[in-house]
Amino acid sequence: MLLEVKNLDAGYGYLQILRSVSLNIDKGEYVCIIGPNGAGKSTTMKSIIGLIAPMGGTVVFNGEDITGMSASQITTKGISFVSEEMNLFVNMSVQENLYMGAYTIKDKKIQKNRLDFVFSLFPRLAERKAQLAGTMSGGERKMLAIGRGMMSDPKLLLVDEPSFGLAPQLVANVFESLDVLKSQGVTILLVEQNVTKTLAVTDRGYILENGKIGLKGKSRDLADNPHVRKVFLGV
Ligand SMILES: Nc1ncnc2c1ncn2[C@@H]1O[C@H](COP(=O)(O)OP(=O)(O)OP(=O)(O)O)[C@@H](O)[C@H]1O
Ligand SMILES: [Mg+2]
């Protein structure tokens, strides 16, 4: 198992959001978390990557207990997080932003190889490598954020709502890029509001409601589940 989250409690200050969340991901799997606004999806990702310290429970990655480690330590272990906010450096170029994602790699030659890999994934970024990140379009910025997440050569990529706010064609582009990553063996945990599409492309899923995992299972079974259909698909 690549990632094992066990009985995770987490929140902000005294406010507990996650209640005993357990989930696991095998190497090479494409897994999603689906849930309403405020359910705790982003909180789950932030706890895994170490941006917030768990109140209880454990996070084991690649056989190592990483519970309570800092985000930069966890990144070094091989997890990368593409957040909703993306946090791009708007006054830096596309290429400079990408190199920021490779800070855990010391060898300049390996960094350059990663850059070439990301440029091959997203030719648009190569064409615009000198452009300021702040002037890229919404979809291009998403590609840049995902590309930057790939620069550290992660074993596990956490992606929080990559399609949010994008027009349908760009949504399709984002899902295509994730498919490419999956086919190259990258393990992905995806949080998405686009439930139909997400359940169509992922292997397995977890339904998070009010900080708790309700349902879990194969994505195609979740897509047929009456509760999922009623709450998330409106049918
Ligand atoms: N920094 C914070 N301080 C206090 N409460 C927070 C903080 N961040 C998130 N919350 C609260 O935690 C709960 C879960 O938030 P979270 O961002 O994990 O939800 P989500 O499932 O990602 O929702 P969305 O689909 O809207 O992104 C929400 O009620 C939110 O208001
Ligand atoms: Mg969120």
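Residues numbered from 1 in each chain as written. Chains lettered and ligands numbered in written order. Predicted model: local features only at pLDDT ≥ 70, side-chain atom pairs only at ≥ 80, totals over all residues.

J.: With reference to specific residues and values, describe the environment of Glu-64.
T.: Assignment of secondary structure puts Glu-64 in strand β5 (residues 64–65). On the neighbour-count criterion, Glu-64 (10 C-beta atoms within 10 Å) is exposed. Separated by 148 residues in the primary sequence, Glu-64 and Lys-212 have C-alpha atoms spaced 24 Å apart. (Helix = DSSP H or I, 4+ residues; strand = E, 2+ residues; numbered from the N terminus. Buried ≥ 20, exposed ≤ 12 C-beta atoms within 10 Å, placed from the backbone.)

J.: Just give me the short version of the domain arrangement of the chain, but keep the residues and values in it.
T.: If you check the domain split of the chain, you get domain 1 (3–78 + 154–232) and domain 2 (88–152). Between domain 1 and domain 2, the C-alpha centre-to-centre distance is 23 Å. Each partner contributes to the interface: domain 1 provides 13 residues, whereas domain 2 provides eleven residues. Of all the secondary-structure elements, those providing two or more residues to the side of domain 1 that touches domain 2 are α2 (71–77), β7 (156–160) and α7 (168–183). The element contributing the most residues to the side of domain 1 that touches domain 2 is α7, with five residues. Tallied by class, residues from the side of domain 1 that touches domain 2 come to eight nonpolar, five polar and no charged. (Domains from an automatic or database assignment. Contact = placed C-beta atoms within 7 Å. Nonpolar A, V, L, I, M, F, W, Y, C, P; charged D, E, K, R; others polar.)

J.: Give me the lowdown on the site of ligand 1, citing residues and values where you can.
T.: Close to ligand 1 lie Tyr-12, Leu-15, Ile-17, Gly-35, Asn-37, Gly-38, Ala-39, Gly-40, Lys-41, Ser-42 and Thr-43, which account for all nearby residues. For the shell around ligand 1, the secondary structure elements donating two or more residues are β2 (15–25) and α1 (41–49). With three residues, α1 is the largest single contributor of residues to the shell around ligand 1. Looking at side-chain class alone, the shell around ligand 1 contains four nonpolar, six polar and one charged residues. (Near = placed C-beta within 6 Å.)

J.: Kindly report on α7, identifying the contributing residues and their values.
T.: In this model, α7 (16 residues) spans 22 Å end to end at C-alpha, consistent with the 22 Å of a helix rising 1.5 Å per residue. Of all the positions in α7, only Asn-173, Val-174, Leu-178 and Leu-181 are classed as buried. When α7 is viewed along its axis, its buried side chains cluster within an angular range of 135° and face the same direction. In α7, those exposed residues whose orientation departs by more than 90 degrees from the buried face are Pro-168, Gln-169, Glu-176 and Ser-183. Where the residues of α7 are buried, they touch α6 (138–150), β7 and β8 (187–191). (Expected span 1.5 Å × (residues − 1). Arc of directions from axis to C-beta.)

J.: Account for the sheet that holds strand β6 (residues 79–82), naming residues and giving values.
T.: Pairing is mixed across the open sheet formed by six strands, whose spatial order is β6-β7-β8-β3-β9-β10. In this open sheet, the two edge strands, each paired with only one partner strand, are β6 and β10 (212–218). Ignoring strand direction, the axes of neighbouring strands in this sheet form an average angle of 15°. In terms of strand pairing, β6 meets β7 through four bridges, oriented parallel. Bridge pairing links Ser-80 to Leu-157 in β7. Where α6 meets the sheet, its contacts fall on β6 and β7, and the angle it forms with β6 comes to roughly 170°. In the packing of α7 onto the sheet, contacts are made with β3 (30–34), β7 and β8, and the angle to β8 comes to roughly 150°. (Pairing = 2+ DSSP bridges. Axes fitted to C-alpha atoms, helices over the stretch in contact; angles between N-to-C directions.)

J.: Quick one: what's the story with the pairing of β8, residue by residue and with numbers?
T.: For β8, the buried fraction is high: five of the five residues fall into the buried class. Neither face of β8 is exposed, since Thr-187, Leu-189 and Val-191 on one face and Ile-188 and Leu-190 on the opposite face are all buried. Direction of pairing for β3 relative to β8: parallel, over a ladder of four bridges. Residue Val-31 lies in a different strand from β8, and its bridge partner there is Leu-189. Strand direction decides the pairing type here: β7 and β8, joined by five bridges, are parallel. Across the sheet, Leu-158 pairs through a bridge with Leu-189, a residue of β8. Traced from β7 through α7 to β8, the parallel crossover comes out right-handed. (Right-handed = clockwise from strand over helix to strand, strands pointing away.)

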